[in-house]
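Structural features, examined
Single-letter residue listing:
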Amino acid sequence: MGFTIPADTELALRLGVFLAVFAALALWERAAPARTLRLARLVRWRANLGLAVVNTLVLRVVLPGSALAFAALAADEGWGLLNRVELPDWAAVLAGVVILDLVIYFQHVLFHSVPALARLHAVHHADPDFDLTTGIRFHPLEIVLSALIKFAAIAALGAPVLAVLVFEILLNATAMFNHSNVSLPAWLEPWVRGVLVTPDMHRTHHSVIEVERNSNYGFCLSVWDRWLGTYTLAPKGELDIGLSGWRNPGAVATLRGVLRMPFTSQGV
Ligand SMILES: [Zn+2]
Ligand SMILES: [Zn+2]
């Protein structure tokens, strides 16, 4: 399909949605926080937002272009399943978004299962609190590996450019939403959770208890955990967030600390 979008329009669109969702969730967290935070917001936000800035710069240096540009290349070259089968445009876009979300689910399982990858992913879990900035808190090496997996998935799938654009915006927005320090109203939560990962569902994934941490891997659609047997309804007892071996704020709540974290064992 011929959909293309100029790089500066893509950037403006993504940045605009990011800032709007960030502002709305930050106001919601302030008005009705689900939990009391351990550390001052300013301290953690400096580390978490600092990581997001580092990650943006690293991706610009390491990758030759965006995922969208790569999807356009795949379409031109006829790479991947969806560029070889005849589907209506809407069905190809829907299939692209849903399958990319499934790939992210398996990637998350992988980052919990392989010890070297788990050391990188521990940066995400060592956040002693859980708020919208946790959703963008990842070590740069995890971000680079995730981007390579995403590029491979786009090529294998032949994901349409529009599917990649929708997916990128959706993943960014839902990652901030499902990490936010809020709870949906009790009557609404189960309905939303039927389709999307909610903050209460993903918060369980940040439990210090290993069996709870190794569940609820989904980022956008909640169905993968239910269908693939990794779903936990709620934590067993009082939820404690973070990693029990990583409690020192100097190690887990500073930019220098989190960048060094996978290469050190000095956490407590
Ligand atoms: Zn995880
Ligand atoms: Zn998380």
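Computed from a predicted structure; not experimentally measured.

Focus: the overall build of the chain
For the chain, the count of helices and strands is 13 helices and 0 strands. Its helices and strands in sequence order give the chain the pattern α-α-α-α-α-α-α-α-α-α-α-α-α, from N to C terminus. The globule rule puts the C-alpha radius of gyration for 268 residues at 18 Å, and the 18 Å found for the chain is close to it. Counting only C-alpha atoms and orienting by the principal axes, one finds that the chain spans roughly 50 × 45 × 35 Å. Relative to its 268 residues, the chain shows a buried fraction of 48%. When contacts within the chain are restricted to residue pairs at least 6 apart in sequence, those whose partners lie at least 24 apart make up 73%. Of the roughly 12,900 Å² of accessible surface on the chain, a fraction of 69% belongs to carbon and sulfur atoms. Charge centroids of the chain, computed over 20 positive and 20 negative side chains, lie 10 Å from each other.

Re the coordination of the zinc ion (ligand 2)
Around the zinc ion (ligand 2), the protein contributes the donor atoms H124 (NE2), H179 (NE2), H202 (NE2) and H206 (NE2), which lie 2.1 Å from the metal centre. Considering all 4 donor atoms around the zinc ion (ligand 2), the spread of angles at the metal, 88 to 164°, places the coordination shape in the irregular class. Each donor residue of the zinc ion (ligand 2) belongs to the same chain, with the gaps between them written as H-x54-H-x22-H-x3-H. For the pair the zinc ion (ligand 2) and the zinc ion (ligand 1), the metal-to-metal distance amounts to 5.4 Å. With H124 in helix α5 (residues 115–125) and H206 in the loop between α9 (199–205) and α10 (210–213), the pair connects residues that are 82 residues apart, well separated along the chain. Taking the relative accessible area as the measure of exposure, H124 reaches 0% and is therefore buried.

As for the environment of D131
One can find D131 in the loop between α5 and α6 (140–157). For D131, a relative accessible area of 0% puts it in the buried group. Once the C-alpha coordinates of D131 and N178 are considered, the two residues, 47 residues apart in sequence, prove to be 8.8 Å apart. Contacts of D131, omitting those with residues within four sequence positions, involve E29, L37, R41, R44, W45, H179, S180 and N181. Within polar-contact distance, the side chain of D131 engages the side chain of R44 at 3.0 Å.

What to know about the packing of aromatic side chains
Scanning the model with the defined rule gives 7 aromatic pairs in all. Their ring planes at 50° and their centres at 6.1 Å tell us that F70 and W79 sit as a pair that is tilted. When its relative accessible area of 19% is taken as the criterion, F70 is described as buried. Relative to F151, the ring of F70 has its centre 4.8 Å away and its plane inclined at 25°; by these criteria the two rings are stacked.

What about the packing of helix α3 (residues 67–77) against helix α7 (residues 161–178)?
One can describe the packing of α3 onto α7 by two numbers: an axis separation of 8 Å at closest approach and a directional angle of 160°. Regarding the angle of α3 to α7, the classification is roughly antiparallel. The crossing of α3 and α7 is right-handed. Contacts between α3 and α7 involve A67, L68, A71 and A72 from the former and V161, V164, L165 and E168 from the latter.

What counts as what
- Residues numbered from 1 in each chain as written.
- Chains lettered and ligands numbered in written order.
- Predicted model: local features only at pLDDT ≥ 70, side-chain atom pairs only at ≥ 80, totals over all residues.
- Heavy atoms only, no water.
- Helix = DSSP H or I, 4+ residues; strand = E, 2+ residues; numbered from the N terminus.
- Rg over C-alpha atoms; globule rule 2.2 N^0.38 Å.
- Buried < 20%, exposed > 50% of the residue type's maximum accessible area, 1.4 Å probe, protein only.
- Contact = heavy atoms within 4.5 Å.
- Areas by Shrake-Rupley, 256 points an atom, 1.4 Å probe, with all protein chains shown as cover.
- Lys, Arg positive; Asp, Glu negative; His and termini not counted.
- Charge placed at Lys NZ, Arg CZ, Asp CG, Glu CD.
- Donors = N, O, S within 2.8 Å, 3.2 Å for Na, K, Ca; no water.
- Tetrahedral: all angles 85-135°; square planar, octahedral: opposite > 155°, others 65-115°.
- Polar contact = N/O pair within 3.5 Å; in protein donor to acceptor, adjacent residues only side chain to side chain.
- Phe/Tyr/Trp six-rings, centres within 6.5 Å; stacked < 30°, edge-to-face > 60°.
- Axes fitted to C-alpha atoms, helices over the stretch in contact; angles between N-to-C directions.
- Parallel < 35°, antiparallel > 145°, perpendicular 65-115°, else oblique.
- Left-handed = near helix turned anticlockwise from the far one by under 90°.

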